[in-house]
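Letter by letter, the chains look like this.
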Amino acid sequence: MNFIHKTYTLAKILANFKRRKTTLDTMPIKLWIESSLICNLKCVMCPNKDLAAEKKGKMSFELFKKIIDEAKDFVNDVYLHHRGEPLTNKDLFKMIIYAKNRGIAVRFHTNAGLLSLDKSELLIEAAPNLVSISFDGFTKDVYEKVRRGGNFETTVANIKELLKRKKQLREALPYIVIERIHFKDESMNVDTAETRALEQEFRDLGVNEIITKQEYDWAVESNKGGEILNGNVCTFPWYAMVICWDGTVTPCPQDFMACMNLGNVSKSSIKEIWNGAAYTTLRRNLAGNVNELSLCKKCDRLCRKQIGGIPFQYAITFLADQYLGYGALRKLVGTSERNG
């Protein structure tokens, strides 16, 4: 999608959102495609561990191909992650290549616990546009307290091997980001000579960014929610779609339990679902009284300052990614660390 077409599409999406249109003449430009709901860890802040085993699975390559073939003419990028660990799906690298060959940018998120040397080689060869790695604490004690089931030394070694191999091959992709959470419990936020030394090692090996993100609460039934700022309305149903491993469509990544079922791409097309009864009803309800939506009213995105419906801290990054590519913001501001 060229600059003019992209600008025209974004302008139409914004206009549709501002008018609170329920039936749209635009399609989603972003897809979250859940390559796997299975995870190798049981992180303390993640609801994945609360899901029943029989509800978990991995997306088939055939279903993924159907999604990409339908989306290739209107989607700019796909996120090959949602509630699980993408590296548990053996077809992940085929998925990356298939989407990229159809002109779609690809990124995914991993805990790096399963990132063996062989998988690092396959990852660099597949060349996703961006890989973000969750790595909390930067110390063994904090990491293993948070990322239950993970081994600090193994994960550090996996990250270093990926960075080393990419540097040796002098490859530009993937753009690699290490993400850590700033926890509400300040005792978990460690800043010592040891943690700074490890950060420097990652930088010396060529990591593109180290990002600190604030801990937040998922929009699940147990969450009490916060104070929704006046006028905030979620933009997701006007520009993005989440597709779970079994084809179930939900409105956004915050619906972790997939309670808001809007259709299934194994039975219907993306276009049919996008302007189907469930989606149009959701847009109508969001434009009316969000407090009537049991999950949406608990979403922390609606409690943040927004620009055009996008939380302020993500707005600039969103536009930079759309127009200049992943990592453009860092190049512009000349820093390897930002809050997000």
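Residues numbered from 1 in each chain as written. Predicted model: local features only at pLDDT ≥ 70, side-chain atom pairs only at ≥ 80, totals over all residues. Heavy atoms only, no water.

With that out of the way, let us pick up the packing of helix 2 (residues 61-71) against helix 3 (residues 92-100). The N-to-C vectors of helix 2 and helix 3 enclose an angle of 20°; their axes lie 10 Å apart at closest approach. Here helix 3 runs roughly parallel to helix 2, going by the angle between their axes. Of the two elements, helix 2 crosses helix 3, and the hand of that crossing is right-handed. Between helix 2, through Phe61, Phe64, Lys65, Ile68 and Asp69, and helix 3, the contact on the second element is made entirely by Lys94, Met95, Tyr98 and Ala99. Counted by class, the contact of helix 2 with helix 3 contains six nonpolar, no polar and three charged residues. (Axes fitted to C-alpha atoms, helices over the stretch in contact; angles between N-to-C directions. Helix = DSSP H or I, 4+ residues; strand = E, 2+ residues; numbered from the N terminus. Parallel < 35°, antiparallel > 145°, perpendicular 65-115°, else oblique. Left-handed = near helix turned anticlockwise from the far one by under 90°. Contact = heavy atoms within 4.5 Å. Nonpolar A, V, L, I, M, F, W, Y, C, P; charged D, E, K, R; others polar.)

Quick look at the pairing of strand 1 (residues 30-33) now. Across the two faces of strand 1 the burial is the same, with Lys30 and Trp32 and Leu31 and Ile33 all buried. One ladder, built from three bridges, connects strand 1 with strand 2 (residues 77-79); its direction is parallel. Among the inter-strand pairings, Lys30 is bridged to a residue of strand 2, identified as Asp77. Between strand 1 and its parallel partner strand 2, the chain crosses via helix 2, and the hand of that crossover is right-handed. (Buried < 20%, exposed > 50% of the residue type's maximum accessible area, 1.4 Å probe, protein only. Pairing = 2+ DSSP bridges. Right-handed = clockwise from strand over helix to strand, strands pointing away.)

Here the focus is the side chain of Ser35. The residue Ser35 is located in the loop between strand 1 and helix 2 in this model. Setting aside anything within four residues of it in sequence, one finds Ser35 in contact with Lys58, Met59, Leu80, Pro86, Asn89, Leu92 and Met95.

Checked against the element boundaries, Leu41 lands in the loop between strand 1 and helix 2. Counting along the chain gives 107 residues from Leu41 to Arg148, while the straight-line C-alpha distance between them is 5.7 Å. The contact partners of Leu41, leaving out residues within four places of it in the chain, are Asn111, Arg147, Arg148, Gly149 and Gly150.

Any region with low pLDDT has predicted coordinates that should not be read closely. Across the protein, the average pLDDT comes to 88, with 85% of residues at or above 70. Per-residue pLDDT stays below 50 along residues 332-340; that stretch engages in 25 contacts with residues further than four places along the chain or on separate chains. (pLDDT = per-residue confidence, 0-100.)

To continue, consider the environment of Lys271. By the secondary structure assignment, Lys271 is in helix 9 (residues 270-274). Of the residues examined, Lys271 reaches a relative accessible area of 54% and is grouped as exposed.

Turning next to the nonpolar core. In terms of nonpolar packing, the biggest core is built from 66 residues, with Leu31, Phe64, Val78, Leu80 and Phe135 touching the most fellow members. Non-local contacts of Leu80, meaning those with residues more than four positions away in its chain, are made with Ile33, Ser35, Phe64, Pro86, Leu92, Met95, Ile96, Val106, Arg107 and Phe108. Formed by eleven residues, the second largest nonpolar core is a distinct cluster that contains Tyr79, Phe236, Val242 and Cys252. (Core = buried A, V, L, I, M, F, W, Y, C linked by side-chain atoms within 4.5 Å.)

Right, let's talk about the packing of aromatic side chains for a bit. Within this structure, the stated rule accounts for 13 aromatic pairs. Between Trp32 and Tyr79, the aromatic rings sit 4.1 Å apart at their centres with planes inclined by 10°, giving stacked as the arrangement. Of this pair, Trp32 sits in strand 1 while Tyr79 is found in strand 2, placing the two residues 47 residues apart along the sequence. Taking relative accessible area as the criterion, Trp32 reaches 9% and is therefore assigned buried. Seen in terms of ring centroids, Phe138 and Phe202 are 5.9 Å apart; in terms of plane orientation they differ by 80°. Their pairing is edge-to-face. Residue Phe138 is located in the loop between strand 4 (130-134) and helix 5 (140-146), and its partner Phe202 is located in helix 7 (residues 193-204); the two are separated by 64 residues in the primary sequence. Each member of the pair Phe138 and Phe202 is classed as buried. One aromatic cluster is present, formed by Phe135, Phe138, Tyr143, Phe152 and Phe202 through successive ring pairs. Directly above the aromatic system of Phe17 lies the positively charged group of Arg20, at a separation of 4.4 Å from the ring centroid. The ring of Phe138 carries the charged tip of Arg180 above its face, separated from the ring centre by 4.7 Å. (Phe/Tyr/Trp six-rings, centres within 6.5 Å; stacked < 30°, edge-to-face > 60°. Lys NZ or Arg CZ within 6 Å of the ring centre and 35° of its normal.)

Relative to each other, helix 4 (residues 117-126) and helix 6 (residues 152-169) sit at 45°, their axes nearing to 10 Å. Taken together, the axes of helix 4 and helix 6 lie oblique to each other. The two elements helix 4 and helix 6 meet at a crossing, and its hand is right-handed. Contacts from Leu117, Ser120, Glu121, Leu123 and Ile124 of helix 4 reach helix 6 at Asn158, Glu161, Leu162, Arg165, Lys166 and Leu169. For the contact of helix 4 with helix 6, the residue count by class is five nonpolar, two polar and four charged.

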